[in-house]
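Here's the letter readout for the chains.
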Amino acid sequence: MREMGKKLGLLVWVWFMLCRFCVGRFVVEKNSLKVTSPSSLNGLYECAIGNFGVPQYGGTMVGTVVYPEANHKACNDFDVSFKSKPGGLPTFLLVDRGDCYFTLKAWNAQKAGAAAILVADDKVEPLITMDTPEEEHADAEYLQNITIPSALISKSLGDSIRKALSSKEMVNINLDWTEALPHPDERVEYEFWTNSNDECGPKCDSQIDFVKNFKGAAQILEKKGYTQFTPHYITWYCPEAFIFSKQCKSQCINHGRYCAPDPEQDFSRGYDGKDVVVQNLRQACFFKVANESGRPWLWWDYVTDFAIRCPMKEKKYNEDCSNQVIKSLDVDLKKIENCVGDASADVVNPVLKAEQDAQIGKGTRGDVTILPTLVINSRQYRGKLDKIAVLKAICAGFEETTEPAICLSKDIETNECLHNNGGCWQDKAANVTACKDTFRGRVCECPVVQGVKFVGDGYTHCEATGALRCEINNGGCWKKTHDGRTYSACADDSKDCKCPLGFKGDGVNNCDDVDECKEKLACQCPECKCKDTWGSYECSCSGGLLYMQEHDICISKDAKTEVSWSFIWIIILGLAAAGAAGYAIYKYRIRRYMDSEIRAIMAQYMPLDNQGEIPNHVSHGNV
């Protein structure tokens, strides 16, 4: 009976494992491979990105292909070096598929100095993803030390490359990951499919280490709005025939709807799969509540702290320890408990149901069947789960020139503007450049400096425009100071450089003094004496005469005095006459006004001359 129970448990566990791979579709993530020589192979080919090493997301790598004389499958150490010589192209080692794990091939190639490894398929078939070994073989120490990129190529391409190499032809290849991830805008959306289980060996250890190491960068990106992060958890359902079995009851919650494999893969000891499902649910609910409160980045703190404070090995992987971590992060525990609900009830849990639905791929994103899985802009990440490698992939997801500063640090990318200014326009005098460093390389784009916009092609020419253009290197125009006075060919109200009055030239490189005397532009009257100065001229008159610049004539100082006084007297007399006339008019108008007022008053009390006589007595004959 006990033996039958073990067999049943094994059967259920196998079902869980099969469910990981039998749902939906798996998308092979690819990058571009371009053969640049020989001409007979010239063209673009597809290759599948290996799920180990460090793919150069957002970048390219050029190298020359070498096929080893022995150890063609790279299952053993090489006794030769493939490290490129100074000045030479990096070596891409071509090896055959078969006999050992893909990761071992890559590790042996890396130890021998290869910059990348190309694995040629041994049969005609669609490309597959080269993955790391399953758990029972995943404890090899070298797995986390593989740093070179890897790619699986088709059998036909492998055969063609080997044929060209056997004919002593050089095969040069450009591996291109620039379009391996979409980069549509200034924000990256990414998902991390993980598991709270810490007893699954090296893969669990690598997940926890990644979360701890990546937490700081992830929180910076999230707090500043550069990314939108969502954690996810894989669960499976128990086959209906086994729902009431002891094994399903120990590995599932909510009546077999949500299950996880036994952490130790041993049903007789330690924690059960249902413990993992519940903790996965608590982590998902923690993120939901934290996100609703505007602090989604706290998920990284919770998962890190829970891994440190509540490990399975110390028998602390439980609800009490989880609650302590939640309280320390000041997140509403009651809301989380309401989200978790009753794990024993025969009901659908909305959060876990949503997680199961999200496992199914949509659009360009395939189904999630491997743990851990990172999805960036709806494309599954391939490569080593490492802070720098993942950060590079996320940075490749930003639209060029919108990357945050963390993506432009020296640990992440090479600043191409530091070498020959990236081939872009530059004004060294004003310390202004059109070169803008990006994660993918650089762009030559005329800048905006201190509110001044430069326009041009960015490569050979940029010029300042707008009202403040003269503030930046004098707008690129000529400028010179002489005897304490500054002359400039720049004017804020003009986009052109024009030499100031008294100078001639192109206004950009030179403005030469104009000799007004020699060119007879001023001071030309018979009595005038002209002397050229820098940027102007001086004009004087002989015989004690006075020079009038506006008329370019010389006049007598006395005449000018007489004329001046006469002019003044005329003004004074004119003002006096105007004042007298005004006063007379004023007096006349006042007198007329007063007369009319007096006549009006008198008319009320006595007859005026122009009115008939009114009798002022009564006749006695009428009495």
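Residues numbered from 1 in each chain as written. Predicted model: local features only at pLDDT ≥ 70, side-chain atom pairs only at ≥ 80, totals over all residues. Heavy atoms only, no water.

(A) Layout of a nonpolar patch on the surface. A surface patch of nonpolar side chains, amounting to about 730 Å² of accessible area, comprises Tyr583, Tyr586, Ile590, Tyr593, Met594, Ile598 and Met602. Among the secondary structure elements, isoleucine 598 is positioned in helix H12 (residues 557-602). Given a relative accessible area of 44%, isoleucine 598 falls into the partly exposed group. (Patch = residues over 30% accessible without salt bridge, like charges linked within 9 Å, V, L, I, M, F, W, Y side chains within 5 Å. Areas by Shrake-Rupley, 256 points an atom, 1.4 Å probe, with all protein chains shown as cover. Salt bridge = Lys/Arg side-chain N within 4 Å of Asp/Glu carboxyl O. Helix = DSSP H or I, 4+ residues; strand = E, 2+ residues; numbered from the N terminus. Buried < 20%, exposed > 50% of the residue type's maximum accessible area, 1.4 Å probe, protein only.)

(B) Seen up close, the packing of helix H7 (residues 298-309) against helix H8 (residues 319-328). Where H7 contacts H8, the two axes come as close as 10 Å, and the packing angle between them is 140 degrees. Looking at the two axes, H7 sits oblique to H8. Considering the relative orientation of H7 and H8, their crossing is right-handed. Touching Tyr302, Asp305, Phe306 and Arg309 of H7 are Cys321, Ser322, Gln324, Val325, Ile326 and Ser328, all from H8. (Axes fitted to C-alpha atoms, helices over the stretch in contact; angles between N-to-C directions. Parallel < 35°, antiparallel > 145°, perpendicular 65-115°, else oblique. Left-handed = near helix turned anticlockwise from the far one by under 90°. Contact = heavy atoms within 4.5 Å.)

(C) Inspection of the pairing of strand E12 (residues 373-376) at higher detail. Every second residue of E12 is oriented toward a common face, with Thr373 and Val375 on one face and Leu374 and Ile376 on the other, all of them buried. By the bridge criterion, 4 bridges tie strand E8 (residues 188-194) to E12 in an arrangement that is antiparallel. Bridge pairing links tyrosine 190 to isoleucine 376 in E12. Judged from the 2 bridges that link them, E12 and strand E13 (residues 379-380) form a sheet pairing that is antiparallel. Across the sheet, isoleucine 376 pairs through a bridge with arginine 379, a residue of E13. The hairpin turn running from E12 into E13, its antiparallel successor, is 2 residues long, and asparagine 377 in that turn takes a positive phi close to 50 degrees. (Pairing = 2+ DSSP bridges.)

(D) Fine view of the state of the cysteines. Following the criterion strictly, the structure yields 16 disulfides and no others. Each sulfur of the disulfide joining cysteine 424 and cysteine 444 lies 1.8 Å from the other. Taking the torsion about the S-S bond as the criterion, the cysteine 424 to cysteine 444 disulfide, at about -70 degrees, is left-handed. Linking cysteine 424 in the loop between helix H11 (387-395) and strand E14 (426-427) with cysteine 444 in strand E17 (residues 441-444), this pair joins segments that are 20 residues apart in sequence. The two residues cysteine 424 and cysteine 444 agree in class, both being buried. Shown here is the disulfide that connects cysteine 523 with cysteine 539, its sulfur atoms set 1.7 Å apart. (Disulfide = S-S within 2.5 Å.)

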